[in-house]
Amino acid sequence: MMLIECPHCGPRDENEFRYGGQAGVSYRPEDTSDEEWAGYVFLRDNPKGWFHERWFHVHGCRTWFSVERHTLTHEIRKAP
Amino acid sequence: MTHPDFLWRNPEPRPAYDVVIVGGGGHGLATAYYLARNHGITNVAVLEKGWLAGGNMARNTTVIRSNYLWDESAAIYEHSLKLWEGLSDELDYDLQFSQRGVLNLAHNLGDVREGRRRVNANRLNGVDAEWLDADEVKKFCPVINVSERARYPVMGATLQRRGGIAKHDHVAWALARKADAYGVDLIQGCEVTGFEITDGRAVAVRTSKGRIAAGKIALASAGHTSVLAAEAGIRLPLQSHPLQALVSELLEPVLDCVVMSNAVHVYVSQAHKGELVMGAGIDPYNSYGQRGAFHVIEAQMAAALELFPIFSRVRVLRTWAGIVDVSPDASPIVGRTPVEGLYINAGWGTGGFKATPGSGWVYAHTIAHGEPHPLAEPFALDRFTTGALIDEHGAAAVAH
Ligand SMILES: [Zn+2]
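These figures come from a predicted structure and were not determined experimentally.

Some details on the nonpolar core
All names here are of chain B. Ranked by internal contacts, the top residues of the largest apolar core, which has 79 residues, are Val-20, Ile-21, Leu-47, Trp-84, Phe-195 and Leu-342. Broken down by element, this core gets its largest block of residues, seven residues, from helix H2 (residues 71-91). Beyond its immediate stretch of four places on either side in the chain, Leu-47 contacts Val-20, Ile-21, Val-22, Gly-23, Gly-24, Ile-187, Cys-190, Val-192, Val-205, Thr-207 and Ile-212. Listed in part, the 27 residues of the second largest apolar core include Val-137, Ala-304, Phe-308 and Phe-311.

And the structure:
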């Protein structure tokens, strides 16, 4: 189990959190092409390495926040 | 019959092949086998970065079934099941394919409606399916707790009698032996690190054993497909996750069918050797680490004990994880890519083992003809743009 540092509660067990996937995906306006829309809806990065991602402290303070986590080692560092 | 010392040669790569398959797991080996058998294409290399069938092929729970909801899925998985039914004979190797029946349990009214609907959909597609009420479930599988006082009472189940399990190692070895006999080079310890693309066409792979030219390049790399595709400049709608499974200590025969439950989140069968084989859902985060968190195992065990109180004192022998590539509609992606000569077979997520022969069959056809096999056509990459999704979350979100 990973230890994830909530910015409000400090380090807490992974099973208090819900995963939110890639961070920094901004909403697109409606006048996009089908390809752009498909990209917004379905395409997310899937790197083997550092990944900027969202977590939700659902069983705690209910804060959404971002971290950088290594997808091979599961090491976590604070997002820049 | 004396057993041969080696089932396949262990060659070094030649400088060029007609087809290079990236990934020596079940799907890659099946693809190589059917390229040779069905299309006479034998100047083929299968490149495996580790050892043959040491990834998800060695880590899955071997459940085989074809009771998917939508027509497109039923067609491809049923094709695969029909191939399974003749595969031991064809490969001249006992795959220990055992059609012992697969139960999918219903624990609430929503499950019941969904299950009955699935039975009807399956039958319309020529897939064998039955609905069992709770008493019939008890008769079919006496060790399940069907008490009304259970936390998640069993209200019925779908049953596919032709579903079952097979011995995954035997499947890999049998396919590898036949492919090798056709002249396919199975090359282990050869990691693909990039592609040579000229005028929009893939012409070679760069590997840890040097450059290998290829008429066509076919990805069969499961959880690592995104990483490879990125080397070719392609972004895929895939996310890689750990999927854990476990085995118990060896037991006398106690469970003679496969039991799956989406609501309770576990699936269980007993291997020929005697261990209970159990799997559950993915760990939620992206990972290539081939391991998951123990609380996921704990939740899976809690679910199993709900259904099988008789297993309460059984000990876990071993847990592990494989990396599965999950697509947005829980259906695979098979076909061409934006790069000419580069093909993709990915996104089988948590349920790829059952598809091994069917996937290899349609992928080999797609590669040989440069056009998708009719059964593969609906699973093209462009469905995420056209919107023609094949949403199998109901059938496949948890299991398999
Ligand atoms: Zn918190």
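Moving on, there is more to tell.
Observations concerning the interface of chain B and chain A
In this complex, chain B contributes 23 residues to the contact, which on the side of chain A involves 23 residues. Both sides of the chain B and chain A interface together cover about 2000 Å² of buried area, and 55% of this is carbon and sulfur. On the chain B side of the interface with chain A, the three residues burying the most area are Arg235(B), Tyr285(B) and Tyr288(B), jointly 30% of the side's total. Linking chain B with chain A are one salt bridge, by the criterion used here.

Examining the coordination of the zinc ion
All names here are of chain A. Around the zinc ion, the protein contributes the donor atoms Cys-6 (SG), Cys-9 (SG), His-57 (ND1) and Cys-61 (SG), which lie 2.0 to 2.4 Å from the metal centre. Taken together, the four donor atoms coordinating the zinc ion and their angles of 102 to 124° define a geometry best described as tetrahedral. For the zinc ion, the single-chain donor residues occur in sequence as C-x2-C-x47-H-x3-C. Of the two residues, Cys-9 sits in the loop between strand E1 (3-6) and strand E2 (10-13) while His-57 sits in the loop between strand E4 (50-56) and strand E5 (64-70), which places them 48 residues apart along the sequence. Exposure remark for Cys-9: the relative accessible area of 33% places this residue in the partly exposed category. Residue class for His-57 comes out buried when judged on its relative accessible area of 1%.

A closer look at the sheet that holds strand E5 (residues 130-132) of chain B
Strands in a sheet are paired, the pairing made by backbone hydrogen bonds, and the direction either parallel or antiparallel. All names here are of chain B. Overall, mixed pairing links the eight strands, which are arranged E5-E6-E4-E13-E14-E15-E12-E16 in an open sheet. In this open sheet, the two strands that pair with only one neighbour each are E5 and strand E16 (316-326). In this sheet, adjacent strand axes meet at a mean angle of 20° when their direction is disregarded. Relative to E16, strand E12 (residues 239-250) runs antiparallel, the two being bridged by ten bridges. Counterpart to Pro-242 in the pairing with E16 is Ile-323. Against the sheet, helix H3 (residues 109-124) touches strand E4 (102-106), E5 and strand E6 (156-160), its axis set at about 155° to E5.

Considering the confidence of the model for chain B
Residues and elements named next belong to chain B. Per-residue confidence for chain B gives a mean pLDDT of 95, with 97% of residues at or over 70. Note that pLDDT drops below 50 for residues 396-400; the model gives that stretch 25 contacts with residues more than four away or on any other chain. If you check the scores for this complex, the pTM reads 0.96 and the ipTM reads 0.96.

As for the side chain of Glu78(B)
All names here are of chain B. Here Glu-78 is to be found in helix H2. Among the residues examined, Glu-78 registers a relative accessible area of 5% and is labelled buried. Side-chain polar atoms of Glu-78 contact the side chain of Ser-66, separated by 2.7 Å. Setting aside residues no more than four positions away along its own chain, Glu-78 makes contact with Ser-66, Ser-73, Gly-126, Val-127, Gln-160 and Arg-162.

What about a negative patch on the surface?
All names here are of chain A. On the surface, Glu-30, Asp-31, Asp-34, Glu-35 and Glu-36 cluster together into a patch of negative charge. Take Glu-35: it is sitting in helix H1 (residues 34-42). Judged by relative accessible area, Glu-35 falls into the exposed class, the value being 54%.

Some words on the pairing of E4(A)
Residues and elements named next belong to chain A. Summarising the sheet, strand E3 (residues 18-22) and E4 pair through four bridges and their orientation is antiparallel. Considered in E4, the bridge of Gln-22 is made with Glu-53. By the bridge criterion, seven bridges tie E4 to E5 in an arrangement that is antiparallel. Bridging across to E5, Glu-53 finds its partner in Val-67.

A few points about the sheet that holds strand E6 (residues 76-78) of chain A
Residue and element names in this part refer to chain A. The strand order E3-E4-E5-E6 describes an open sheet built from four strands, whose pairing is antiparallel. Every interior strand has two partners, whereas the edge strands, E3 and E6, have only one. Adjacent strand axes in the sheet meet at a mean angle of 40°, parallel and antiparallel pairs treated alike.

Looking at the packing of helix H1 (residues 26-39) of chain B against helix H5 (residues 168-181) of chain B
Residues and elements named next belong to chain B. Interhelical geometry of H1 versus H5 gives an angle of 35° and a closest axis separation of 9 Å. When you trace H1 past H5, the crossing you get is left-handed. Contacts between H1 and H5 involve Gly-26, Leu-29, Ala-30, Ala-32 and Tyr-33 from the first element and Ala-172, Leu-175, Ala-176, Lys-178 and Ala-179 from the second. Taken together, the residues that form the contact of H1 with H5 break down as eight nonpolar, one polar and one charged.

Rules and cut-offs
- Residues numbered from 1 in each chain as written.
- Chains lettered and ligands numbered in written order.
- Predicted model: local features only at pLDDT ≥ 70, side-chain atom pairs only at ≥ 80, totals over all residues.
- Heavy atoms only, no water.
- Core = buried A, V, L, I, M, F, W, Y, C linked by side-chain atoms within 4.5 Å.
- Buried < 20%, exposed > 50% of the residue type's maximum accessible area, 1.4 Å probe, protein only.
- Helix = DSSP H or I, 4+ residues; strand = E, 2+ residues; numbered from the N terminus.
- Contact = heavy atoms within 4.5 Å.
- Buried area = accessible area lost by both parts, 1.4 Å probe.
- Salt bridge = Lys/Arg side-chain N within 4 Å of Asp/Glu carboxyl O.
- Donors = N, O, S within 2.8 Å, 3.2 Å for Na, K, Ca; no water.
- Tetrahedral: all angles 85-135°; square planar, octahedral: opposite > 155°, others 65-115°.
- Pairing = 2+ DSSP bridges.
- Axes fitted to C-alpha atoms, helices over the stretch in contact; angles between N-to-C directions.
- pLDDT = per-residue confidence, 0-100.
- Polar contact = N/O pair within 3.5 Å; in protein donor to acceptor, adjacent residues only side chain to side chain.
- Patch = residues over 30% accessible without salt bridge, like charges linked within 9 Å, V, L, I, M, F, W, Y side chains within 5 Å.
- Areas by Shrake-Rupley, 256 points an atom, 1.4 Å probe, with all protein chains shown as cover.
- Lys, Arg positive; Asp, Glu negative; His and termini not counted.
- Charge placed at Lys NZ, Arg CZ, Asp CG, Glu CD.
- Left-handed = near helix turned anticlockwise from the far one by under 90°.
- Nonpolar A, V, L, I, M, F, W, Y, C, P; charged D, E, K, R; others polar.

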